Amino acid sequence: GIVMPYGRRNLMDVLLKEGMKFSPLVLLLKQLSDCLRHLHEQNRIHGDFKPLNVVRLGSDDTWKLIDFDGTAKIGENCGNPLHYSSGFVPKEMLHKSPDTGRIELRDHEKHDALVAAPTFDVWSFGVVLYRVLSGKELFETDVSDNVSPAERRRLFEWELKDVQGAIHEADAYMKSAAVFSTH
């Protein structure tokens, strides 16, 4: 097993209860991108990158990535979908059931599995970034960070115009929010 230092608060708690000013936010994003880059250089993806899996150590704004049960070797099967939170997975992790027409997470034992690639974590990083920059979720999730069937369908049908709309929303929020002042 892996022994990790005690995390005082996860990123979701900080966003909901404290908010973040611009300078600490930039530091946080740098630390998180460094964590993901390190994993990718080790030929691994995290697989379940989300605010609940980012913890602050102490009060010095040092952030760490936790919960590595969804990690996978780049180029290999992503593995068990139960290790992933559907609110943070790329649309490629979904498939339409030929039997029911429902949109579901790919089950590596029943369907063509998604091959682990750094783009999986990059998508998740973008979803977290949107949450931080817009003040709201890109896809509405439950307490376990999973999406409803309606939101799963929305993700499955996601297109470039949706990305552009999300960027516009985040930009408008940043321009109006005092939280992003540089003071």
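To be clear, the structure that these remarks concern was listed above.
From a predicted model like this one, the values you see are computed outputs, not experimental measurements.

Draft legend 1. Representation of the side chain of Ser124 within the structure. Tracing the backbone through its elements, the reader meets Ser124 in helix 3 (residues 118–134). Look at Ser124 and you get buried, because its relative accessible area is 0%. Those residues within four positions of Ser124 in sequence are excluded, and the remaining contacts are Phe49 and Phe88.

Draft legend 2. Just the pairing of strand 4 (residues 62–65), in detail. Side chains Trp63 and Leu65 of strand 4 all project onto a buried face; the interleaved residues Thr62 and Lys64 project onto a face where none is buried. Judged from the four bridges that link them, strand 3 (residues 54–57) and strand 4 form a sheet pairing that is antiparallel. Its bridge partner being in strand 4, Val54 is matched across the sheet by Leu65.

Draft legend 3. Quick peek at the sheet that holds strand 4. Strand order in the open sheet formed by three strands is 1-3-4, with antiparallel pairing between adjacent strands. Two strands bound the open sheet, and with one partner strand each, they are strand 1 (9–10) and strand 4. Note that strand 1 and strand 3 share two bridges and pair antiparallel. Note on strand 3: the bridge partner recorded for Arg9 is Arg56.

Draft legend 4. Here's a closer look at unusual backbone geometry. We note that Asn43 has phi near 65°; this positive angle belongs to a residue other than glycine. With respect to the helices, strands and loops of the structure, Asn43 is situated in the loop between helix 2 (22–41) and strand 2 (44–45). Even without glycine at this site, Asp145 takes up a positive phi of about 65°. Checked against the element boundaries, Asp145 lands in the loop between helix 3 and helix 4 (149–156).

Draft legend 5. Structural detail: empty space enclosed by the protein. The final tally for this structure, using the stated rule, is one cavity of 30 Å³ or more. One number sums up the size of the largest cavity: a volume of about 50 Å³.

Draft legend 6. Just the layout of surface pockets, in detail. If you add up the space inside the largest pocket, you get close to 230 Å³. Along the walls of the largest pocket sit Trp123, Gly126, Val127, Leu129, Tyr130, Leu133, Leu138, Trp158, Val163, Ala166, Ile167 and Ala170, which together make up its complete lining. Going through the elements one at a time, helix 3 and helix 5 (160–176) are the ones with two or more residues in the lining of the largest pocket. In terms of residue count, the dominant contributor to the lining of the largest pocket is helix 3 (six residues). Among the residues forming the lining of the largest pocket, the class breakdown is 11 nonpolar, one polar and no charged.

The rules behind each value
Residues numbered from 1 in each chain as written. Predicted model: local features only at pLDDT ≥ 70, side-chain atom pairs only at ≥ 80, totals over all residues. Heavy atoms only, no water. Helix = DSSP H or I, 4+ residues; strand = E, 2+ residues; numbered from the N terminus. Buried < 20%, exposed > 50% of the residue type's maximum accessible area, 1.4 Å probe, protein only. Contact = heavy atoms within 4.5 Å. Pairing = 2+ DSSP bridges. 1 Å grid on protein atoms, 1.4 Å probe; cavity = no way out; pocket = protein on both sides within 12 Å on 5 of 7 lines; lining within 4 Å. Points joined across faces, edges and corners; volume = space filled by probe spheres on them. Nonpolar A, V, L, I, M, F, W, Y, C, P; charged D, E, K, R; others polar.

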